[in-house]
Amino acid sequence: MPNSAALVDLLIDNIGQLCIIPAYDGGPQRGPRLGDLAPVEHAALAVHMGRIAAAGPRDEVRRAYTGRDTLDAGGRLVTPGLVDPHTHLVWAGDRAEEFEQRLQGKTYMEIAAAGGGINRTVRLTRAASRADLIAQTRPRLERMLRCGTTTVEVKTGYGLETAAEITMLDAIADLNASQPLDLIPTFLGGHDIPPEYAGQADAYVDLLVNEMIPAVAEWKARRWPGPLYCDVFCEKGVFDVAQTRRILEAGLRAGLTPRLHADEFVSLGGVALATELNAASVDHLLATTPDDVARLAGSRTVAVLLPATPFGLGIPNTAPARELAAAGAAVALATDCNPGTAWCESLPFILALATRALRLTPAQALAAATINAAFAVERGDRIGSLEPGKMADAVIWDAPDYRHLSYRFGANLAQVVIKGGQV
């Protein structure tokens, strides 16, 4: 009999355990469904034209498909590519001395008040050219890719003036076009109040609303055909809720979808604002109240937790991860990779932190860093799981099953990373 198997570009064969990690009713995994990995033992994965053609038991996939190329997984674990929905990846310089100062007893806010913190990185980033920013950022992206990350949200926010913020956006767009990871840009002009506006927060908000956001909207029309986000650091000593609302509503009028930093140190009401404005995500949430947990559970806004940040600051991780999960909120994980508090390019390390500090299960943590993280950047219909039709972003791990990804830490278990069907 002639072979009736369909020809595909790539067949990943001999998979020991395949974690498909499906979407839940077309959305993120919630409540008791969080951690539904849909594991298949002794599996195979068929890839054609950069997308998943089939994922399932090895015998079934091999009967239906044959590959132009075959990749032997060697009985190892295969998962979707990891998705990082919150990073500050483009910056110049470092803040190693501030890390040392914190170890000596100074707080994050004390360092910021003395001219350090975000504004130190602002000075260095403003002085850097676009080529400098690209050259400093590219190795960070390469390390992320080697650790199994295939899609990354990247914020501006170290320019805090129109020209410098546009330079950061240009750097993100150039990097997106010149390396394998998909980058998702976010305008974070509301990251801090720049030194030239010290004591004049409302005046800086005026600049954001009247000059910077229109310039970003023009940049989007010229350079970025996909979604573009607008984020604000809503926190004591930075932007209050009224100022945050002004910025995000101006962004909405310009076609920018809201995101929000909230409750990192103090609960000001940022979560309520995020859910009211239907923000794609609200992130940090160390000081989030039970009322806000309930708000998130009843909304489409994804709660993005950043366990590397309290780890980097040396403070307790008080994000109510288990309460959010139990209430039915959509919970995602991210690195918060930045030069001040969390220079971390490894999402597998975030899985290790999430299972220990946040008490998520290994399955919940993996779902939070794949399918739920994909919905946090509004790409859950395309990435984050190995369902047929989605982008063929996958990782072969040097591990027998998914639990090892959070059980083990300090070494990189990613053996082969596949992005859009390309090894």
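Residues numbered from 1 in each chain as written. Predicted model: local features only at pLDDT ≥ 70, side-chain atom pairs only at ≥ 80, totals over all residues. Heavy atoms only, no water.

A. Just the pattern of salt bridges, in detail. Taken as a whole and judged by the stated rule, the model has 27 salt bridges. A salt bridge links Lys419 to Asp182; the nearest nitrogen and oxygen atoms lie 2.9 Å apart. Here Lys419 is found in the segment after β15 (414–418), whereas its partner Asp182 is found in strand β8 (residues 182–190), with 237 residues between them in sequence. Classification of Lys419 as buried rests on a relative accessible area of 10%. Ionic pairing is found between Arg222 and Glu218, a salt bridge with its closest N-O pair at 3.4 Å. Highlighted residues: Arg222 and Glu218, both in helix α7 (residues 201–223), separated by 4 residues, approximately one helical turn. (Salt bridge = Lys/Arg side-chain N within 4 Å of Asp/Glu carboxyl O. Helix = DSSP H or I, 4+ residues; strand = E, 2+ residues; numbered from the N terminus. Buried < 20%, exposed > 50% of the residue type's maximum accessible area, 1.4 Å probe, protein only.)

B. Molecular detail of the nonpolar core. Leu305, Leu324, Leu333 and Trp397 are the most contacted members of the largest nonpolar core, which has 104 residues in total. The element that contributes the greatest number of residues to this core is α7, accounting for 10 residues. When neighbours within four sequence positions are excluded, Leu305 is seen to be in contact with His284, Leu285, Ala319, Ala321, Leu324, Val331, Ala332, Leu333, Ala334 and Leu358. Among the nonpolar cores identified, the runner-up in size contains 18 residues, and Ile20, Val40, Val47 and Ala392 belong to it. (Core = buried A, V, L, I, M, F, W, Y, C linked by side-chain atoms within 4.5 Å. Contact = heavy atoms within 4.5 Å.)

C. Broad picture of the packing of helix α5 (residues 130–146) against helix α6 (residues 162–178). Where α5 meets α6, the axes come as close as 9 Å, and the angle between the chain directions of the two elements is 50°. One finds that α5 runs oblique with respect to α6. Crossing handedness for the pair α5 and α6: right-handed. Side by side, α5 and α6 meet where Arg130, Leu133, Ile134, Thr137, Arg138 and Leu141 of the first sit next to Thr167, Met168, Asp170, Ala171, Asp174, Leu175 and Ser178 of the second. Grouping the amino acids of the contact of α5 with α6 by side-chain chemistry returns 6 nonpolar, 3 polar and 4 charged. (Axes fitted to C-alpha atoms, helices over the stretch in contact; angles between N-to-C directions. Parallel < 35°, antiparallel > 145°, perpendicular 65-115°, else oblique. Left-handed = near helix turned anticlockwise from the far one by under 90°. Nonpolar A, V, L, I, M, F, W, Y, C, P; charged D, E, K, R; others polar.)

D. Quick look at the packing of aromatic side chains. Here the structure, examined in full by the defined rule, presents 5 aromatic pairs. On the basis of an interplanar angle of 85° and a centroid distance of 4.8 Å, the ring pair of Trp91 and Trp343 is categorised as edge-to-face. Pair noted here: Trp91 is in the loop between β6 (82–84) and α2 (96–103) and Trp343 is in the loop between β13 (331–333) and α13 (347–357), with a separation of 252 residues, a long-range link. Given the relative accessible area of 0%, Trp91 is considered buried. Over the ring of Trp91 we find Arg140, and its NZ or CZ is 3.6 Å from the ring centre. The positively charged end of Arg259 is found above the aromatic ring belonging to Tyr229, 4.5 Å away from the centroid. (Phe/Tyr/Trp six-rings, centres within 6.5 Å; stacked < 30°, edge-to-face > 60°. Lys NZ or Arg CZ within 6 Å of the ring centre and 35° of its normal.)

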